[in-house]
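Residue-level structural notes
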Amino acid sequence: MADVDTNTNQIPYLTGNDTFLDWVNHYNNYAVEKLNNLELYTGFSGDGVEVVVGTTGDMRCNLSSNITKGITFSGDIVISGALTYDWDAALLGAVKQRIFPLGGYTAIGGSAGWTGTSLHGVTVGQAVRIGMSGGDTDWALARADNAYSAEVVGVVSGFTLGSAPPYTVSNTYVEVTTHGIVQGDFTEANTDWSSGLSAGCIYFLSPGVTGGLTTIEPTIAGHVVKPVLLGVTADKGLVLNYRGQYLSSGGTGGTGGVDYNRFYANLGTVAGSGLLRGMIIGRAGTDNNGWKQVFGNQVQQYPHIVGIAETDEFLLGSNYYIQIATTGWIDNFPNIDSLGVPHLGKVYLGPDGYVTKVGTGTNPQVGIVWNDGVGGAEGVWLAGTIPEGSTENAQSHSFVAEGITYGTAINENLLINGGFDIWQRTLGGGGGATGPGVEGSTGSTHFADRWVRVNGLSGATAYGWSIQRRSFDLNQTDVFGEPKYYARLKNIVGNLPGNTSDDYVHIENRIEDVRTCRGETVNLSFWAKCGITGSTMGIAVTQYDGTTASSTYPAEVALGTLWGKHNVAFAVPNITTTPTGKHYLGMGFRTERMGNQYYDIAKVKLERGNVATINAKVNESEELDKCKRYYQRTYTLDERTHSVTMLDINTPSISVVDFTITPNKDLYYKFPVPMRDVPTITFFSPESGYTGDAYNRSASKDLRNTSGTYGYNQEARVYRPGSPAIGADYSDKNGMYVSIPHGSVLFDDISFHCVLDADLTENMPRPPT
């Protein structure tokens, strides 16, 4: 039978040749079957489908242009046209909350903290917080001047005011958006410009205006950095619900700009403090919350100096502030005094309460100022420095511990052994009972490693000279950084016959290569004191090009009887000659002006730049290796050169070089640290300290005394008087070939000490006398 259920099936026609039975079957199987399958179809519009019935009986179905009910798609959706979606409406609808202040309508201008006396005082864009009052939620406007008030929940996005009482949460409320888009007039909420928002600009909770927004990130200690809104358009912003950052006065990381070396001083709520940028500020008053200007003639106020004002008085919220730099680097340094005079170099507290170039001997130095290269000035503020010539307790006025730093930088010290940690040349007891002395204690000589005293006197030599290594007490706090040693130096010059005004005595640390820092600005920092307050010491820079030495004196400092930290910035002269040979840069001090006094010096640091940074603690082993490039010994630091170093009657100390005689009677000795140049080599016996000899452990005698003794296989030892007992037949800067020509036989054990000297010994015009 034909399929009659589909509309494509057609009933065939009968022909004249068909029988009656064919007619019956045709009618039953086609016509009746087809008629029985007829059904009346109807259509209904809805759920996004529209049914349109035409006049000819046709029925048409279309998708609606607006679908009012939700539709879930289980498969992928493909849109060939534009997709239009109201993102603002969707976000706002999901994150809005209605707030009804405690007490209803009448409480809006009361304890809840809303501005004004009605809801019309609450404006779009204001930041809202939650407080607690009697156990119920208390809504209020937020403020960034303390941690409690800065806990923002959201931003006001609208409000509704009932026309008549009763006022309920249904007819009188504030609409707060916690996340998403807020749109409206932000003129009242934007405290910076009283205008709309700027696209892409972050708005912070204001510390000065309750509920207000500001583009200026808070920086005052005790305030909170709380991003609240991101500007999208002038009337539209995206709420940012980030955690606020409380600004601690400690200046730790991530505190939004609080500087450990400067702070904002609260002057109170009354304007007219009179405090201006550039004034020296102290904590020594009763007005302005205790802040006042300190003048150069107020000696009793010197201990109360805190810093220099970097701003004029300004209003923030209901309080007035100034920014004070306590230490450190200041850009655009206010170095012009009240008379309009600019200052460069060392500056002091002036009688007008500003900086001055004039040091009277009693007013304290307060900074160092230099050109910034673009017509302005930069400076270092040194709070609490020692008044020159002051007889007060200098410790209460000392420089900031470890000097002034630029941020947290620690620059390299260009001086090797700048802290006097290594003294390989020290002779135990040579300087008297108070400390070991140094070989050549008068005239030109090396003392601590890398340090040289240069006698530049043209006449008779000075008298009363001495150099001592002195030790710091382990629990001392006068000099920071736990230094181990300092140098005590004395050279009495006076008016000796033949001496001229050009004569000098330098203490200098010699840096290999005269081209070091040429034409650059450097800072020399050090701790020093003297036997009498008011003595001066010049900074000395010597450039030796291998032929000629040229010295300059860029600054002079005054010393007191107590330890004080000093730092001086200056330019190293350029050099025009071509260096040759063993050239160097000598950096140190000019000391012939000390008179009949000693001076002590410790922790010297030379670094590139204008600012002195922290003098890092020295690793003694690493510093010793640096010194060994120029001078090294087999002795330990505690063993004196030329001394006896025996553990018992037959056993040398562990520090000796020890080897066994082979048929070649030689030793290849590699230096622990390669040296600057081929060194001068001197041998010593550990048993007697005798120069040019070694100790034969097998014979229990020095090599020169072994004649008449017998060794392995009863072989006689022989020493020929006048011949070398030990020698370095070959040597370079990496090692030496040692031979034992006399005084030993096969399998003898030989021990020796040696000193290797490749130091910069040039330009030593007056040898020790």
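Before reading further, recall that the structure is shown in the block above.
Residues numbered from 1 in each chain as written. Predicted model: local features only at pLDDT ≥ 70, side-chain atom pairs only at ≥ 80, totals over all residues. Heavy atoms only, no water.

1. Re the packing of aromatic side chains
Counted under the stated rule, the structure contains 19 aromatic pairs. Aromatic side chains Tyr-486 and Trp-563 sit 5.2 Å apart centroid to centroid with 85° between the ring planes, which places their arrangement in the edge-to-face category. In this pair, Tyr-486 sits in strand S31 (residues 485-492) while Trp-563 sits in the loop between strand S36 (556-559) and strand S37 (564-571), placing the two residues 77 residues apart along the sequence. Note on Trp-563: relative accessible area 8%, which makes it buried. Among the aromatic residues, those joined into a cluster by ring pairs are Phe-420, Trp-423, Phe-447 and Trp-451. For the cation-ring pair, Arg-488 lies above Tyr-598, with the distance from its terminal atom to the ring centre recorded as 3.8 Å. (Phe/Tyr/Trp six-rings, centres within 6.5 Å; stacked < 30°, edge-to-face > 60°. Helix = DSSP H or I, 4+ residues; strand = E, 2+ residues; numbered from the N terminus. Buried < 20%, exposed > 50% of the residue type's maximum accessible area, 1.4 Å probe, protein only. Lys NZ or Arg CZ within 6 Å of the ring centre and 35° of its normal.)

2. Quick look at the sheet that holds strand S46 (residues 727-731)
Where strands meet in a sheet, backbone hydrogen bonds hold them as pairs that are either parallel or antiparallel. Taken in spatial order, the three strands make up an open sheet running S42-S47-S46, and their pairing is antiparallel. Two strands lie at the open edges of the sheet, namely strand S42 (666-670) and S46, each paired on one side alone. Recorded for the sheet is a direction-independent mean angle of 30° between the axes of neighbouring strands. As judged from the four bridges shared by S46 and strand S47 (residues 735-739), these two strands associate in the antiparallel manner. The residue bridging Tyr-730 from the neighbouring strand is Tyr-737, located in S47. (Pairing = 2+ DSSP bridges. Axes fitted to C-alpha atoms, helices over the stretch in contact; angles between N-to-C directions.)

3. Some words on helix H3 (residues 620-628)
Considered for burial, the residues of H3 that qualify are Glu-623, Leu-624, Cys-627 and Lys-628. One face of H3 carries all of its buried residues, which in axial projection span an arc of 145°. Lining the buried residues of H3 we find strand S40 (631-633). Between a side-chain oxygen at the N-terminus of H3 and the backbone nitrogen of Ser-621 the separation is 3.1 Å; the capping residue is Asn-619. (Arc of directions from axis to C-beta. Contact = heavy atoms within 4.5 Å. Polar contact = N/O pair within 3.5 Å; in protein donor to acceptor, adjacent residues only side chain to side chain.)

4. Quick notes on the side chain of Asp-666
The residue Asp-666 is located in strand S42 in this model. Notably, Asp-666 is buried but unbridged: the nearest opposite-charge side chain belongs to Lys-665, and the N-O separation is 11 Å. A distance of 2.9 Å separates the side chain of Asp-666 from the side chain of Tyr-737, its partner in a polar contact. When neighbours within four sequence positions are excluded, Asp-666 is seen to be in contact with Phe-659, Tyr-737, Val-738 and Ser-739. (Lys, Arg positive; Asp, Glu negative; His and termini not counted. Salt bridge = Lys/Arg side-chain N within 4 Å of Asp/Glu carboxyl O.)

5. A look at the pattern of salt bridges
Pairs can form between side chains of opposite charge whenever their charged atoms are close. This structure, assessed with the given rule, holds 17 salt bridges. Between Asp-513 and Arg-515 there is a salt bridge whose closest N-O contact spans 2.9 Å. For Asp-749, the salt bridge is made with Arg-697, and the minimal N-O distance between the two is 3.8 Å. You can see Asp-749 sitting in strand S48 (residues 749-757) and its partner Arg-697 sitting in the loop between strand S44 (695-696) and strand S45 (701-702), a full 52 residues away along the chain. For Arg-697, a relative accessible area of 27% gives the class partly exposed.

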